[in-house]
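# Chain and residue survey
Given next are the chains, with one letter for each unit.
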Amino acid sequence: MMLGAASTISLVKSNDENLGHFSSPAVSPVARSSKAVTGGQNRLVVAEVSKSTNHRPTSGVVFEPFEEVKELMLVPTGPQESLARHKFMDETEAAINEQINVEYNVSYVYHSLYAYFDRDNVALKGLAKFFKDSSQEEREHAERFMDYQNMRGGKVKLQSIVMPLTEFDNPEKGDALHAMELALSLEKLVNEKLLHLYSVAERTNDVQLTDFIDGFLKEQVEAIKKIAEYVAQLRRLGKGHGTWHFDQALLA
């Protein structure tokens, strides 16, 4: 931005006492007419505005970058380095990858439960639908963490997934109650892992990550409450005819 040449302004009081001259680059050299400025008895009158003959740019204007911005000048140049990464610790990156693995493992177990209850000799379609939806939800959670990892400049490292069980019938509890108790344990495990990730974010002063996790924690406690109620209901019903009615209610 070019700064214009300074203009000289002479100020006099209303009693013609001269107050001297001062320079102001903000006053236009075109404004040469006298103008009164109200101010009681000490009223000032602009007596003259003249353009300075000095056409050099105004000196003394210095711009220096903030000290805090200097670190932003260190832009990574390596092809494998993230350009977006900022205030994102290695410990946090590792914890997010662990959470992704937990979500995928739980999704895998739920998918196995879906396949079990969908068998022709089990035929509990309500439970099959419930666990299929649960599996998809956990997989979506894993993908959301993957998207977040990429957004912060981390690297997603997918780990091994443990092969789940294929049989869930229990001679004492029956398959429905046994499967739902397993689901409750898995939801509490996911909640514990989320709380661990939250503690890592707090320790590394990563406020943005704590805000991101808050939504997952809310969903998790709601899921734990719902499945806990299912467990309580199935314990009342036992292994008999009531399990079929419970299964039909899940289809509604």
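Conventions used here
Residues numbered from 1 in each chain as written. Predicted model: local features only at pLDDT ≥ 70, side-chain atom pairs only at ≥ 80, totals over all residues. Heavy atoms only, no water. Helix = DSSP H or I, 4+ residues; strand = E, 2+ residues; numbered from the N terminus. Patch = residues over 30% accessible without salt bridge, like charges linked within 9 Å, V, L, I, M, F, W, Y side chains within 5 Å. Areas by Shrake-Rupley, 256 points an atom, 1.4 Å probe, with all protein chains shown as cover. Salt bridge = Lys/Arg side-chain N within 4 Å of Asp/Glu carboxyl O. Lys, Arg positive; Asp, Glu negative; His and termini not counted. Charge placed at Lys NZ, Arg CZ, Asp CG, Glu CD. Buried < 20%, exposed > 50% of the residue type's maximum accessible area, 1.4 Å probe, protein only. Core = buried A, V, L, I, M, F, W, Y, C linked by side-chain atoms within 4.5 Å. Contact = heavy atoms within 4.5 Å. pLDDT = per-residue confidence, 0-100. UniProt positions renumbered as here; feature names shortened; annotations may be inferred. Polar contact = N/O pair within 3.5 Å; in protein donor to acceptor, adjacent residues only side chain to side chain. Axes fitted to C-alpha atoms, helices over the stretch in contact; angles between N-to-C directions. Parallel < 35°, antiparallel > 145°, perpendicular 65-115°, else oblique. Left-handed = near helix turned anticlockwise from the far one by under 90°. Nonpolar A, V, L, I, M, F, W, Y, C, P; charged D, E, K, R; others polar.

Moving on, we get to the overall build of the protein chain. Tallying secondary structure elements over the protein chain gives five helices and four strands in all. Reading the protein chain from its N end, one meets helices and strands in the order β-β-β-β-α-α-α-α-α.

Another aspect to go through is a negative patch on the surface. Taken together, the side chains of Glu137, Glu140, Glu143 and Asp147 define an acidic patch exposed on the protein surface. A relative accessible area of 53% places Asp147 in the exposed class.

Below, the discussion takes up the nonpolar core. If you look at the biggest cluster of nonpolar residues, it comprises 46 residues, and the most contacted ones within it are Ile96, Leu113, Phe117, Leu127, Phe131 and Met180. Within the residue set of this core, elements represented by two or more residues are helix 1 (90–117), helix 2 (125–151), helix 3 (175–203), helix 4 (207–237) and helix 5 (242–251). What Phe131 contacts, discounting residues up to four positions off in sequence, is Tyr110, Leu113, Tyr114, Phe117, Ala179, Met180 and Ala183.

Our next topic: the confidence of the model for the protein chain. A residue-level look at the protein chain finds 69% of positions with pLDDT of 70 or above and a mean pLDDT of 82. Contacts of residues 1–14 to residues separated by more than four positions or lying in other chains number 60 contacts, the stretch itself having pLDDT below 50. Scored below 50 in pLDDT, residues 21–40 shows 37 contacts in the model against residues more than four places distant or in partner chains.

Moving on, we get to the UniProt feature "binding site: Fe cation" (unreviewed entry) in the protein chain. The feature "binding site: Fe cation" (unreviewed entry), as annotated in UniProt, sits at Glu103, Glu138, His141, Glu187 and Gln220 in this numbering. In three dimensions, the annotated residues from a span of 118 residues occupy one location, with a maximal C-alpha spread of 12.7 Å. Checked against the element boundaries, Glu187 lands in helix 3. Apart from the residues within four sequence positions on either side, Glu187 is in contact with Tyr110, Glu138, Gln220, Ala223, Ile224 and Ile227. Positionally, Gln220 belongs in helix 4. Overall, the relative accessible area of 2% leaves Gln220 in the buried class. Polar side-chain contacts of Gln220 include one of 2.5 Å to the side chain of Glu187.

This brings us to the packing of helix 4 against helix 5. The interhelical angle for the contact between helix 4 and helix 5, taken along N-to-C directions, is 150°, at an axis separation of 9 Å. Relative to helix 5, the element helix 4 is oriented roughly antiparallel. The hand of the helix 4/helix 5 crossing is right-handed. In this structure, helix 4 uses Tyr230, Gln233, Leu234 and Leu237 to contact helix 5, whose residues at the interface are Gly242, Thr243, Phe246 and Leu250. Partitioning the contact of helix 4 with helix 5 into residue classes produces five nonpolar, three polar and no charged.

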